[in-house]
Amino acid sequence: MIPVVDQRIERYLAELHSERDPVLTEMERLAEELAFPIVGPQVGALLYILTRSSRAKRVLELGSGFGYSALFFANAVGPSGRVVLTDTDRENRSRAHRFLTKARLEDRIQFRVGDALELATSLRGRFDIVFNDIDKEQYPLVPDAAAKLLRPEGLLITDNALWGGCVAEDPNADEATRGVRRYNELMARDPRYTTVILPLRDGLSVSLLQSPNPKSVT
Ligand SMILES: C[S@@+](CC[C@H](N)C(=O)[O-])C[C@H]1O[C@@H](n2cnc3c(N)ncnc32)[C@H](O)[C@@H]1O
């Protein structure tokens, strides 16, 4: 495995932000206890910044877990905004509701249980942001699904784009690695999107869906 970020840098970043919101701290503790993967505080802060600075009001999450990443989105969209959470696990819905209620953000969220890509086909309206964190094998299906859901110049944000460094090592290691590699390749050459992969935590891919008449910058 190639570490995406050197452990010393990870520690430095963690220490810089030691003051934490109590609900986030509780969620981080639960994630540690259950060995459940969450985006963590650095990516969370970036999700907040991207949402807020693009004035996004409608966010769809594919793979919400117990609502940690959703909490950053729900804070950022403001009182008139909405975040749709999806997850296959019903228990994650009750946990997410409990945490987001504690954070007084329950009015901004809607949690749907089921396969995110199937649920996505029944969703009405356009989203400003689609956040993808589902099983890595399914990543190659996401670019097309998201293109149907996003408004022009909406953002598709995908976590684990560097997958513990595996994407840069053995390309055939396992199905998950192949899924993430395929996703990155698709996005790199998809004319509908402009994409950058940030080597933050486990790699965060950020893509802008082009407006119908884009001025290319890449
Ligand atoms: C990495 S966790 C999500 C963590 C969350 N985004 C966060 O940072 O707080 C991935 C979640 O996606 C769910 N999941 C995986 N594949 C899915 C799919 N196809 N549809 C819906 N949920 C899925 C899993 O049950 C798991 O809870």
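Colleague: Please clarify how a negative patch on the surface should be interpreted in this entry.
Modeller: A cluster of acidic residues, Asp-135, Glu-137, Glu-169, Asp-170, Asp-174 and Glu-175, forms a negative patch at the surface. Structurally, Asp-135 is set in the loop between strand 4 (127-132) and helix 7 (142-149). Assessed through its relative accessible area of 54%, Asp-135 is described here as exposed.

Colleague: For this particular structure, what's the right way to read the environment of Arg-201?
Modeller: Here Arg-201 lies in the loop between strand 6 (193-198) and strand 7 (204-209). According to the relative accessible area criterion, Arg-201 is partly exposed, its value standing at 25%. As a C-alpha pair, Arg-201 and Ala-161 span 40 residues in sequence and 9.8 Å in three-dimensional space. Dropping the residues within four chain positions of it, Arg-201 is found in contact with Val-4, Val-5, Glu-10, Ile-38, Val-39, Val-43, Asp-159 and Asn-160. Polar contacts involving the side chain of Arg-201 include one to the main-chain carbonyl oxygen of Ile-38, which spans 3.3 Å. Polar side-chain contacts of Arg-201 include one of 2.9 Å to the backbone oxygen of Val-39.

Colleague: Mind showing me how you'd approach the sheet that holds strand 4 here?
Modeller: In a beta sheet, neighbouring strands are held together by backbone hydrogen bonds and run either parallel or antiparallel to one another. Spatially, 7 strands are ordered 3-2-1-4-5-7-6 in an open sheet, and the strand pairing comes out mixed. Two strands bound the open sheet, and with one partner strand each, they are strand 3 (109-113) and strand 6. Strand-to-strand, the axes of this sheet are offset by a mean angle of 15°, without reference to chain direction. Sitting on the sheet, helix 4 (residues 68-77) is in contact with strand 1 (58-62), strand 2 (82-87), strand 3 and strand 4, with an inclination near 165° to strand 2.

Colleague: Before we go on, may I ask you to explain helix 4 in this structure?
Modeller: A turn of α-helix holds 3.6 residues, and therefore any two residues three or four places apart point the same way. Within helix 4, 9 of the 10 residues are buried, which leaves the element mostly enclosed by the surrounding structure. When we look at burial in helix 4, the residues that qualify are Tyr-68, Ser-69, Ala-70, Leu-71, Phe-72, Phe-73, Ala-74, Ala-76 and Val-77. Just past helix 4, the residue Gly-78 takes up positive phi, approximately 80°.

Rules behind the numbers
- For every chain, the first residue of the written sequence is number 1, and numbering continues from 1 onward in sequence order.
- In view of the model being predicted, local features appear only for residues whose pLDDT reaches at least 70, and side-chain atom pairs are presented and counted only at 80 or more, with totals across whole chains, interfaces and linings using the full set of residues.
- Excluding hydrogens and water, the side-chain figures rest on all heavy atoms present in the structure.
- Exposure above 30% relative accessible area and no salt bridge define the residues that can form patches, which grow by joining like charges within 9 Å and nonpolar side chains of Val, Leu, Ile, Met, Phe, Trp and Tyr within 5 Å.
- Throughout, the Shrake-Rupley method with a 1.4 Å probe supplies accessible areas, and for residues the shown protein chains are the sole cover considered.
- Whenever a carboxyl oxygen of Asp or Glu lies within 4 Å of a side-chain nitrogen of Lys or Arg, that contact is scored as a salt bridge.
- Charge counting treats Lys and Arg as positive and Asp and Glu as negative, with His and both chain ends excluded.
- Note that the charge is assigned to NZ on lysines, CZ on arginines, CG on aspartates and CD on glutamates.
- Numbering of helices and strands runs from the N terminus, with a helix taken as a DSSP run of H or I at least four residues long and a strand as a DSSP run of E at least two residues long.
- Burial classes: relative accessible area under 20% of the type maximum marks a residue as buried, over 50% as exposed, and values in between as partly exposed (1.4 Å probe, protein chains only).
- Contacts were defined at the residue level, with two residues in contact if any of their heavy atoms lie within 4.5 Å.
- Think of a polar contact as two N or O atoms within 3.5 Å of one another; within protein, one of them needs to be a possible hydrogen donor and the other a possible acceptor, and neighboring residues in sequence only count if both atoms come from side chains.
- Any two strands with at least two DSSP-identified bridges between them are counted as paired.
- All axes are obtained by fitting lines to C-alpha atoms, using only the stretch in contact for helices, and the reported angles, taken between N-to-C directions, cover 0 to 180 degrees.

Remember, this is a structural readout, not a statement about activity or role.
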